[in-house]
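# A closer look at the structure
If you want the building blocks of each chain, they are given just below.
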Amino acid sequence: MSASIAANSPVPDQLVDIVEPVGGEYVIKAGQNFGEILRAHKKAVIFAVPGAFTPTCSEKHLPGFIERAHSMREAGVEEIYCLSVNDLFVMKAWGKSYATFADSGIKLVADGNADFSKAIGMELDLSAHRLGLRCKRFAAIVENGVFTAVEVDDSGLDKSSAESILAILRK
């Protein structure tokens, strides 16, 4: 296990698959270097969920970011990414399950082998619950390739909520 990211940590280079809503379609970009992508933005938000289609992730975490995506962009965020240790097909289906997802412009990040999650020290072993290796629930602000704020929820949804991240962005 790597050391967990914190403010001032650089983003690591790891390959992920990205599902992006474009013109009503869902475009899959496989094998993308997520570190390079994040370094290309002046300001981005990444939030991670333990699993697509799981209760808190589906009922609260992702919907909160969908609802506040426009406000985050008004606060200077160029891109918003939702990461989960799921395959790209699950992530695509998850995005399509929300009527308003495509309009949010949020990009879904499939960290299928948990490579990015492990590289930032956010892997979560849920094998005891037959869920395998996942990612901890967190949200972060990345500016010019450096994590400037990292909020981790060890249980429930609080510090990594869209409301909490928006409050940090507005400071």
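One can find the structure itself at the top, above this paragraph.
Residues numbered from 1 in each chain as written. Predicted model: local features only at pLDDT ≥ 70, side-chain atom pairs only at ≥ 80, totals over all residues. Heavy atoms only, no water.

## Examining the overall build of the protein chain
Across its full length, the protein chain carries six helices and nine strands. The principal-axis extents of the C-alpha atoms in the protein chain amount to approximately 40 × 35 × 30 Å. Sequence separation of at least 24 residues holds for 67% of the intrachain contacts in the protein chain that already meet a minimum separation of 6. When the accessible surface of the protein chain is totalled, it reaches about 7900 Å², and 49% of it is carbon and sulfur. Charge centroids of the protein chain, computed over 18 positive and 22 negative side chains, lie 2 Å from each other. (Helix = DSSP H or I, 4+ residues; strand = E, 2+ residues; numbered from the N terminus. Contact = heavy atoms within 4.5 Å. Areas by Shrake-Rupley, 256 points an atom, 1.4 Å probe, with all protein chains shown as cover. Lys, Arg positive; Asp, Glu negative; His and termini not counted. Charge placed at Lys NZ, Arg CZ, Asp CG, Glu CD.)

## What to know about the sheet that holds strand β5 (residues 107-110)
Taken in spatial order, the seven strands make up an open sheet running β2-β1-β5-β4-β3-β8-β9, and their pairing is mixed. Of all the strands in the sheet, just β2 (25-33) and β9 (146-153) have a single pairing partner and so form its edges. Averaged over all pairs of adjacent strands, the angle between their axes in this sheet comes to 20 degrees, without regard to strand direction. With six bridges joining them, strand β3 (residues 43-49) and strand β4 (residues 79-84) adopt parallel strand pairing. When the bridges of β4 are listed, I46 appears paired with Y81. Contacting β1 (15-22), β2, β3, β4 and β5, helix α3 (residues 88-96) crosses the sheet at an angle of about 155 degrees to β5. Along the sheet, helix α6 (residues 162-169) contacts β3, β8 (137-143) and β9; its crossing angle with β8, the most-contacted strand, is approximately 25 degrees. (Pairing = 2+ DSSP bridges. Axes fitted to C-alpha atoms, helices over the stretch in contact; angles between N-to-C directions.)

## A few points about the nonpolar core
With 30 residues, the main nonpolar core has F65, M72, W94 and I106 as its most contacted residues. At the level of elements, β3, α2 (55-74), β4, α3, β5, β8 and α6 are the ones that each hand at least two residues to this core. With six residues, the top contributor of residues to this core is α2. Leaving out residues up to four positions away in the same chain, F65 has contacts with V45, F47, M72, I80, I106, A139, S160, S161, A162 and I165. (Core = buried A, V, L, I, M, F, W, Y, C linked by side-chain atoms within 4.5 Å. Buried < 20%, exposed > 50% of the residue type's maximum accessible area, 1.4 Å probe, protein only.)

## Points about unusual backbone geometry
Phi at N8 takes a positive value of approximately 80 degrees, unusual for a residue other than glycine. Phi angles above zero are rare outside glycine, and F53 is one such case at about 65 degrees. As for its placement among the helices and strands, F53 is situated in the loop between β3 and α2. According to the relative accessible area criterion, F53 is partly exposed, its value standing at 47%.

## Here we look at the pattern of salt bridges
All chains considered together, the criterion is met by six salt bridges. The shortest N-O distance in the salt bridge between D13 and R39 comes to 2.4 Å. Note that D13 is positioned in the segment before β1 and R39 in helix α1 (residues 34-39), a separation of 26 residues in sequence. A relative accessible area of 35% means that R39 is categorised as partly exposed. (Salt bridge = Lys/Arg side-chain N within 4 Å of Asp/Glu carboxyl O.)

## Things to note about the pairing of β3
Among the seven residues that make up β3, seven are buried, leaving the element largely enclosed by the rest of the structure. With six bridges connecting them, β3 and β8 associate as antiparallel partners. Looking at the pairing, K43 lines up with E143 of β8. Considered for its hand, the β-α-β crossover made up of β3, α2 and β4 is right-handed. (Right-handed = clockwise from strand over helix to strand, strands pointing away.)

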